[in-house]
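# An overview of the molecular structure
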Amino acid sequence: MKSTPTLPGGTLRVVAFSLATCVLSACSLPEPWVKPYERERLADPLMKYQRDPLSAKDFEHAHDVREGARGGTGVQGGGCGCN
Amino acid sequence: MAATDVSPTERCRRALRRAQLRLLSLGGRGDGVRGTVALASAHLLGALSGLLATGDVNAADLPEDRVDVMLHSFNGGGVDAWGPAILIRKNILGKVSLLGTYYADIVSNASIDVVTTASPYHETRNEFGFGADYAVRDSVLTFLASRSTEPDYIANAFNFDVSTETFSGMTTVGLGYTYGSDDVGKKGEGFFDHATHYRYRLGVSQILTPTWLANANFEVVSDSGFLASPYRVALVFGAAVPERLPGTRTSRTLQFRLIGEVAPTLSVRGEYRYFWDTWDIHAQNFGVGAAYRMGEKWLLDGYARYYTQNGALYFTNNATSETQYVTRNRQLSPFSSWTAGAKVTYALTGVPGRYQVFLNGALEYWKTDYSEFTDLRTGNLYSYSAVLSQVFVTVIF
Amino acid sequence: MAVFALGVGATLAAITPSAGAPDFTLPSLDGPNLRLREQRGQVVMINFWATWCGPCRVEMPHLGRLYDKYRGSGFTVLAVNIDEDPHKAAQLARQLGMRFPVLLDTDKKVSRLYDLGTMPSTFLVDRDGRVRYVHRGYRDGYEDTYDRQIRELLRE
């Protein structure tokens, strides 16, 4: 009779992992709480982090060239939720 | 009876459900580790498919058509750089948005490095970019190629990004990849080496309330090749030697942003970014800002930013030992920097046709203080202030 | 052990085809209130739109064309606007030359009643007041589908 192999860390680890994923799926994701017809404010240009791509590109280039850090700026969602 | 067929996210959700059911039956039969792992994976897939199940068919919006014409300038620290920049974006065929950009930097450089170790120079850098955004149901695919040329440096980059709306458009997930290939040269010697860059990025944007939006971005940058400057010298026991830097560098950046509308005419925003790399640089920046709509025609922006970094492992102002790598590049030294900026946008009225014209002016004031890098002429720690300005016209149609 | 959540979270439309279109009364841009029930006998296209919604603006001229084409045969369009500021709606309606009734749903009561899942949302209601076709969003080519479906409903 073969002995069942165990994961390193023992049963506790396995139970914790199953519990976590149980919670993840048992709390089935809520209904989207901001309806498409409530997104008027989000479509406002005031709500854009970078309204002007060319202006943002110029500032980002200037910072990049003079600082050690780079990257990390990216996706901007929100918007009107249309379609 | 929706008049549309199945979206990629819906297909993905159904595939995940099928995989989940298969894993569940496997979990039911299997024993010990395999069974538990199968069941746990099934639960995870269930959660994932829930995230994708929107019941609606969403389609992402392409960016709007626009033309920006700009004049920019940078003055400070002995550097005077100015130039024109243009951006043109036009939607063709309804599904594709084309982008063209041109950026020029006419530089007169008499910065601290140049003045103390070389002689001032003038040089022009030109950068062209061409891209296309393609909408496929609930995703936007973005391709962008750019080429920047200076007399002694050519940088080519190819970018590919995918941005998808999920969860009824409340969450936008973006994945991106960049490949960069540079030719490194030196005046009088021509191009003698290469540098290659890879960037991988993941971003999530989440609508929190009808007036608050948050996003998080993670980016890995990996460089290899000739990463030093052929002109820059380091000091070892007071003597100038060409700088020596490793042939590889990998960095990671994590950024968080929050933006919200606190009044119908006022929005506030904040950001935090943390950076760390294999040259032992750790950097952070904090930013806050606000945008205000005044009347029907004016938009005002104000913001402040604080940046701080510690030095790279190889940075030393004046080396007192012989090391394999050594650099005196102040960009890699410990320093902190304050920025305060403002932008004004004015909407022109009485424009015929379906055009919206905006006049813009932006200004940034910088103050940078180095904590180890010194001005060789005086022996004191170096610091400088600079002003960055932009004036541009935007036409949206 | 096999207690798992389906995690479906699918949003089922409150408005399913063959259900009666929920009745509503809304003020129109021209002034007088308009009631959906009074349109019985006509084929009605209820289109929910907003000035801040790009695809809505692209779709509008197509709806205008369909309105002109079929209004003589007993077809009408009710364009329900959900902007917070009705002045913006009036401005855009003038700009786009909208000839059909524009109704104002500023407090979003009718939007909630119709459980809008996307913007724009289009509902085709037959002469007996039943919802026959539901369209979520707008993409190139939808106007041809609308044309076909309107003709079908008019023939009944």
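Please read all numbers here as calculations on a predicted model, not as lab measurements.

## Quick word on the overall build of chain B
What chain B contains, in helices and strands, is three helices and 18 strands. Residue burial in chain B is summarised as follows: out of 397 residues, 34% are buried. Taking as baseline every contact in chain B between residues at least 6 positions apart, the subset at least 24 positions apart corresponds to 54%.

## Topic: the packing of helix H1 (residues 54–70) of chain C against helix H4 (residues 142–155) of chain C
Residue and element names in this part refer to chain C. Direction vectors running N to C along H1 and H4 enclose 25°, while the axes themselves pass 10 Å from each other. Taken together, the axes of H1 and H4 lie roughly parallel to each other. The element H1 and its partner H4 pack so that their crossing is right-handed. Mapping the contact onto sequence places His-62, Leu-66 and Tyr-70 in H1 and Glu-143, Tyr-146, Asp-147, Ile-150 and Leu-154 in H4. The residue inventory of the contact of H1 with H4, partitioned by class, reads five nonpolar, one polar and two charged.

## Considerations on the nonpolar core
C:Ala79 and C:Val80 are the most contacted members of the largest nonpolar core, which totals 54 residues. It is strand S3 (residues 43–49) of chain C that contributes the most residues to this core, six residues altogether.

## So, the sheet that holds S3(C)
Residues and elements named next belong to chain C. Taken together, the five strands give an open sheet; going across it, the order is S5-S4-S3-S6-S7, and neighbouring strands pair in mixed fashion. The open sheet is flanked by strand S5 (102–104) and strand S7 (131–136), the only strands paired with a single partner. For this sheet the average axis-to-axis angle between neighbouring strands, irrespective of direction, equals 20°. Across three bridges, strand S4 (residues 75–81) lies against S5 in parallel orientation. For Val-80, the partnering residue across the bridge sits in S5 and is Leu-103.

## Concerning unusual backbone geometry
Cis peptide bonds are those with omega within 30 degrees of zero, and the linkage from C:Met119 to C:Pro120 qualifies with 0°. Positive phi outside glycine occurs at B:Arg137, with the angle close to 50°. Summarising the element assignment, B:Arg137 is placed in the loop between strand S4 (121–136) and strand S5 (139–150). Positive phi outside glycine occurs at B:Asp280, with the angle close to 75°.

## Digging into H1(C)
All names here are of chain C. Taking 1.5 Å of rise per residue, the 17 residues of H1 would be expected to cover 24 Å, and the 25 Å separating its terminal C-alpha atoms lies within 8% of that figure. Within H1, the axis deviates most sharply at Met-60, by approximately 30°, and proline Pro-61 lies no more than four positions further along. Taken residue by residue, H1 has Pro-55, Cys-56, Glu-59, Met-60 and Leu-63 as its buried positions. Buried-residue contacts for H1 involve S3, S4 and helix H2 (86–96).

## Overview of the environment of C:Asp85
Among the secondary structure elements, C:Asp85 is positioned in the loop between S4 and H2. On a C-alpha basis, the gap between C:Asp85 and C:Lys108 in space is 12 Å, while along the polypeptide they are 23 residues apart.

## Regarding the pairing of strand S3 (residues 96–109) of chain B
All names here are of chain B. Strand direction decides the pairing type here: strand S2 (residues 79–92) and S3, joined by 12 bridges, are antiparallel. The residue bridging Trp-82 from the neighbouring strand is Ile-106, located in S3. Here S2 hands over to S3 after three residues, with Leu-93 in that stretch at a positive phi of 60°. With 14 bridges joining them, S3 and S4 adopt antiparallel strand pairing. Of the residues in S4, the one forming a bridge with Tyr-102 is Phe-128.

## Things to note about the confidence of the model for chain A
Here chain A averages 74 in pLDDT, while 57% of its residues score no lower than 70. Counting contacts from residues 75–81 of chain A, a segment whose pLDDT is below 50, to residues more than four positions away or on other chains yields 35 contacts.

## As for H4(C)
Residues and elements named next belong to chain C. Here H4 is 14 residues long and its end C-alpha atoms lie 20 Å apart, about the 20 Å a rise of 1.5 Å per residue gives. Every buried residue of H4 is accounted for by Tyr-146, Ile-150 and Leu-153. One side of H4 holds all its buried residues, which, seen down the axis, span an arc of 65°. Seen from the buried face of H4, the exposed residues on the opposite side, beyond 90 degrees, are Asp-144, Arg-148 and Arg-155.

Definitions and cut-offs
Residues numbered from 1 in each chain as written. Chains lettered and ligands numbered in written order. Predicted model: local features only at pLDDT ≥ 70, side-chain atom pairs only at ≥ 80, totals over all residues. Helix = DSSP H or I, 4+ residues; strand = E, 2+ residues; numbered from the N terminus. Buried ≥ 20, exposed ≤ 12 C-beta atoms within 10 Å, placed from the backbone. Contact = placed C-beta atoms within 7 Å. Axes fitted to C-alpha atoms, helices over the stretch in contact; angles between N-to-C directions. Parallel < 35°, antiparallel > 145°, perpendicular 65-115°, else oblique. Left-handed = near helix turned anticlockwise from the far one by under 90°. Nonpolar A, V, L, I, M, F, W, Y, C, P; charged D, E, K, R; others polar. Core = buried A, V, L, I, M, F, W, Y, C linked by C-beta atoms within 7 Å. Pairing = 2+ DSSP bridges. Expected span 1.5 Å × (residues − 1). Bend = angle between axes of the 7 residues up to and from the residue. pLDDT = per-residue confidence, 0-100. Arc of directions from axis to C-beta.

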